[in-house]
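Descriptive analysis of the structure
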Amino acid sequence: MPAMTLDQTLRQFIDRFTMPDLKGLDWQTTADRLRRQFYLASHAIEKDAPEMADISHMTVPSGPGGVKARVYTPLGAGIAPGPGIIFFHGGGFVIGDLESHDMLCKRLAEGARCRVVSVDYRLAPEHKFPAAHEDALNVWHWVQDNAGKLGLDPERLAVSGDSAGGNLSAFLSQEMNRTGGPAPAFQLLLYPLVQFADIRTKKMPFNESGFFISANLFEFFRDAYLATPEDRMDIRVSPLFAAEDCFRGLPPAHFVLCGWDPLHDEGLAYADKMASFGVPVTVREYPGMVHGFMNLTALSDTIRIAIRDAGQVTGRALGAI
């Protein structure tokens, strides 16, 4: 049990939040219910929502029909081409989409003063591992090849994501390191999932852990996405377990971690491992916050400021600020 105090605004929200009954349901029905619940919980009208100079939509070649993406251009982005952030949403590879992370991306773009490309990669159980990872890789290369059309400088692109999206960002950075491909200039990892093997050593009941990250849900997400138990240790989905050579020379990174989160310790371990190989790393901890708190921007100024601050760290790293 964490010693810190859970933020009271979040406590009140979580106490009112009702998880759908998942017992006796098939994979698809369970996923659909979780997606509806996540949408309802993460959507609210916010009067102080940042105004964007432009929001555009596109389809990026990947998989059978391509994946959707959305480009946010904040008012402070400056003259193109400029730096940008490729953002992958969280949700255990099962839930989440462009809409669920719309406000997070707007606030991140405003804070960083640079364009944000939000990616709607394929989800499980319809699409098993490594579908999401393949989409992330394909989007990264496509953005590199089409950076000018998007108003982006390919030399100043960061990767970012929350939870499972942080996993995709960490994977991309390691993969470019392994293959000698175009490396991200920076990583912004928001309470990232960096191993998909086990969560039972960090037991927390749902109302004391975070937003959709109880032990049972962790295992549901894992089994929905991974086809075999052997996949759990694949370094693409568990980058924490990658060899030393995968860490040397990684892009600088900023981590946002929260105290009420069973993934806190592994996120810190990943940051420490990167730092031990000479990678510039900074960590910002929010002791009273839960996993997924950046999706709850309507609840408190603290959450909105946290996203802005993460954006500012990234914007400074990319030379946008």
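Scroll up a little and you will see the structure.
Residues numbered from 1 in each chain as written. Predicted model: local features only at pLDDT ≥ 70, side-chain atom pairs only at ≥ 80, totals over all residues. Heavy atoms only, no water.

1. Some details on the pattern of salt bridges
Where side chains of opposite charge bring their charged atoms close, a pairing between them can arise. Counted by the stated rule, this structure contains 19 salt bridges. Asp245 is the salt-bridge partner of Arg248, the closest N and O atoms lying 3.0 Å from each other. On the accessibility criterion, Arg248 (42% relative accessible area) is partly exposed. In this structure Asp245 comes out as exposed when scored by relative accessible area, which is 61%. A salt bridge links Asp309 to Arg284; its shortest N-O distance comes to 3.8 Å. Of this pair, Asp309 sits in helix α8 (residues 301-318) while Arg284 sits in strand β8 (residues 281-290), and the two are 25 residues apart along the sequence. By relative accessible area, Arg284 is classed as partly exposed at 38%. Sharing partners across several salt bridges, the network here consists of Asp48, Arg107, Asp301 and Arg304. (Salt bridge = Lys/Arg side-chain N within 4 Å of Asp/Glu carboxyl O. Buried < 20%, exposed > 50% of the residue type's maximum accessible area, 1.4 Å probe, protein only. Helix = DSSP H or I, 4+ residues; strand = E, 2+ residues; numbered from the N terminus.)

2. Focus: the sheet that holds strand β4 (residues 115-120)
Spatially, eight strands are ordered β1-β2-β4-β3-β5-β6-β7-β8 in an open sheet, and the strand pairing comes out mixed. The outermost strands of the open sheet, each flanked by one partner alone, are β1 (52-60) and β8. Within the sheet, the average angular offset between the axes of one strand and its neighbour, ignoring direction, is 20°. Of the strand pairs in this sheet, strand β3 (residues 82-88) and β4 are connected by five bridges, and their pairing is parallel. For Phe87, the partnering residue across the bridge sits in β4 and is Ser118. Sitting on the sheet, helix α5 (residues 164-179) touches β3, β5 (152-162) and β6 (186-190), and the angle it makes with β5 is about 140°. Packed on one face of the sheet, α8 meets β3, β5, β6, β7 (253-260) and β8 and runs near 165° to β6. (Pairing = 2+ DSSP bridges. Axes fitted to C-alpha atoms, helices over the stretch in contact; angles between N-to-C directions. Contact = heavy atoms within 4.5 Å.)

3. Notes on the pairing of strand β2 (residues 67-74)
Among the eight residues that make up β2, seven are buried, leaving the element largely enclosed by the rest of the structure. As paired strands, β1 and β2 are joined by eight bridges and run antiparallel to one another. Its bridge partner being in β2, Ile55 is matched across the sheet by Tyr72. Connecting the antiparallel pair β1 and β2 is a turn made up of six residues, with Gly63 showing a positive phi of about 70°. Where β2 meets β4, five bridges bridge the pair, whose relative direction is antiparallel. The residue bridging Ala69 from the neighbouring strand is Val119, located in β4.

By themselves, these are just geometric observations and shouldn't be taken as functional.
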